[in-house]
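# A structural walkthrough
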Amino acid sequence: MNFLSKITGSFSTPSAGNPTVAMVEAAYKHHGLDFRYLNCEVLPKDLAAAVMGARAMNWVGFNCSLPHKVEVIQYLDGLGESAAMMGAVNCVVLRDGKYIGENTDGKGFLQSLKAVVSPSGKNVALLGAGGAARAIAVELALENTSKITIINRDQKRGESLVDLLNSKTKCKAEFKLWDGKYEVPSDIDILVNATSIGMAPDLTAQININVDSIRPALVVADVIVNPPMTNLLKDAQSKGCKIVDGLGMVINQAVLGIKYWTGEVVDPEVMRKKLLEVL
Ligand code: NDP
């Protein structure tokens, strides 16, 4: 097996483990793809050297997790449309000898949302204004969402995302400071949690939202991967809402990344099964 030009992977900081490795390698194996996916723990001070190393070894691409998503841009040769708009890259692809930065976070989310509802012409309430929220908001805006309300504790971060959407897309965006229990307005069609609230190990964390304002007609989505069934999704399901969990987002991202790197479209079910096994 020739690994030299068939290496993909992830540059992440030391963490408790990266479930993406098992998931992507399961897809490579299932489809007989002669590629590997390696998790490399890269400290921020070593990022430039890590990208140079990948170049030297002809890696066909790699994912970047926090905090490398913004810093990596200066070491790349170009950016895809949405990555340029967001100013963040989570997937680097070798194209004609050049490293191009893409952002598959929002695209992965959009794909799982669209299996339940099209955001086109809809009003979305988005909780959070961090990296995941930014990626999701830009893709929703590019998909002709009518209005996006950003709800965030940190005003500066929230307003900066609203400015980005209003200045660079046709979507109307507005900011709502999150300083009390959030009441979902009656004109909202889709509610998305893009904060880290609900992520293991703090399984008791509750989102500061009035559960009574969740109407059955709402579609409620969460970005949290572990556990996939968050308290928000449980509440929404008990109200009769359609729900979208964070597993689809992470799996669809991996399908897209593998397509960029290998040209092959892999079976998402193989990855879902492996992910549930390792989580
Ligand atoms: P960031 O640190 O960039 O942003 C975190 C966001 O959560 C901010 O808006 C922050 O608000 C908000 N937040 C955190 N704690 C609270 C709280 N107690 N109350 C209100 N708001 C809070 O993180 P990311 O955007 O990168 O990641 C967010 C989540 O998305 C993580 O759990 C991550 O695992 C998940 N994720 C899932 C993906 C998937 O494929 N399913 C892909 C990428 C991320 P403030 O600005 O006010 O501090």
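Look a little higher up for the structure.
All of these numbers come straight from a predicted model, not from anything done at the bench.

Scoring rules and cut-offs
- Residues numbered from 1 in each chain as written.
- Predicted model: local features only at pLDDT ≥ 70, side-chain atom pairs only at ≥ 80, totals over all residues.
- Heavy atoms only, no water.
- Helix = DSSP H or I, 4+ residues; strand = E, 2+ residues; numbered from the N terminus.
- Rg over C-alpha atoms; globule rule 2.2 N^0.38 Å.
- Buried < 20%, exposed > 50% of the residue type's maximum accessible area, 1.4 Å probe, protein only.
- Contact = heavy atoms within 4.5 Å.
- Areas by Shrake-Rupley, 256 points an atom, 1.4 Å probe, with all protein chains shown as cover.
- Lys, Arg positive; Asp, Glu negative; His and termini not counted.
- Charge placed at Lys NZ, Arg CZ, Asp CG, Glu CD.
- Expected span 1.5 Å × (residues − 1).
- Polar contact = N/O pair within 3.5 Å; in protein donor to acceptor, adjacent residues only side chain to side chain.
- Pairing = 2+ DSSP bridges.
- Axes fitted to C-alpha atoms, helices over the stretch in contact; angles between N-to-C directions.
- Arc of directions from axis to C-beta.

Looking only at helices and strands, one finds 10 helices and 12 strands in the chain. The C-alpha radius of gyration of the chain comes to 19 Å, within 12% of the 19 Å expected for a compact globule of 279 residues. With respect to the principal axes defined by its C-alpha atoms, the chain has extents near 55 × 40 × 30 Å. Counting all 279 residues of the chain, 50% fall into the buried class. Taking the intrachain contacts of the chain between residues at least 6 apart in sequence as the baseline, contacts between residues at least 24 apart amount to 67%. Counting only carbon and sulfur atoms, one obtains 53% of the accessible surface of the chain, whose full area is about 12,700 Å². Separation of charge centres in the chain, based on 29 positive and 29 negative side chains, amounts to 2 Å.

Along the chain, Ala200 connects to Pro201 via a cis peptide bond; the corresponding omega equals 10°. Considering the arrangement of structural elements, one finds Pro201 in the loop between β10 (190–193) and β11 (219–222). The omega torsion across Asn226 and Pro227 is 5°, close enough to zero to call that bond cis. At Asn58, a position not held by glycine, the phi torsion is positive, near 60°. On the secondary structure map, Asn58 appears in the loop between α2 (47–56) and β3 (61–64). Even without being a glycine, Asp96 presents a positive backbone phi close to 50°. Within the element layout of this structure, Asp96 appears in the loop between β5 (91–95) and β6 (98–102). The exposure class assigned to Asp96 is exposed, which follows from its relative accessible area of 82%.

Within an α-helix, residues lying three or four positions from one another point in the same direction, as the helix has 3.6 residues per turn. With 14 residues, helix α7 (residues 155–168) extends 20 Å between its outermost C-alpha atoms, agreeing within 8% with the 20 Å of an ideal straight helix rising 1.5 Å per residue. Residues of α7 that are buried in the fold lie against α4 (81–86), α6 (131–142), β8 (147–152) and β9 (172–177). The opening residue of α7, the one whose side-chain oxygen lies 3.0 Å from the backbone nitrogen of Lys156, is Asp154.

What follows is about the sheet that holds β10. Pairing in this open sheet of six strands is parallel, and the strands run β9-β8-β7-β10-β11-β12 from one edge to the other. Where the open sheet ends on each side, the last strands, each with one partner, are β9 and β12 (242–244). When strand polarity is set aside, the average angle formed by the axes of neighbouring strands in this sheet is 20°. As paired strands, β10 and β11 are joined by four bridges and run parallel to one another. Each residue of the ladder has a partner; that of Asn193, found in β11, is Asp222.

Here we take up α2. For α2, the full list of buried residues reads Leu47, Ala50, Val51 and Ala54. For α2, the angular spread of buried residues about the axis comes to 95°, placing them on one side. Residues of α2 that are exposed and point over 90 degrees away from its buried face: Ala49, Met52 and Ala56. The elements touched by buried residues of α2 are β1 (7–12), β3, α3 (68–71) and β6.

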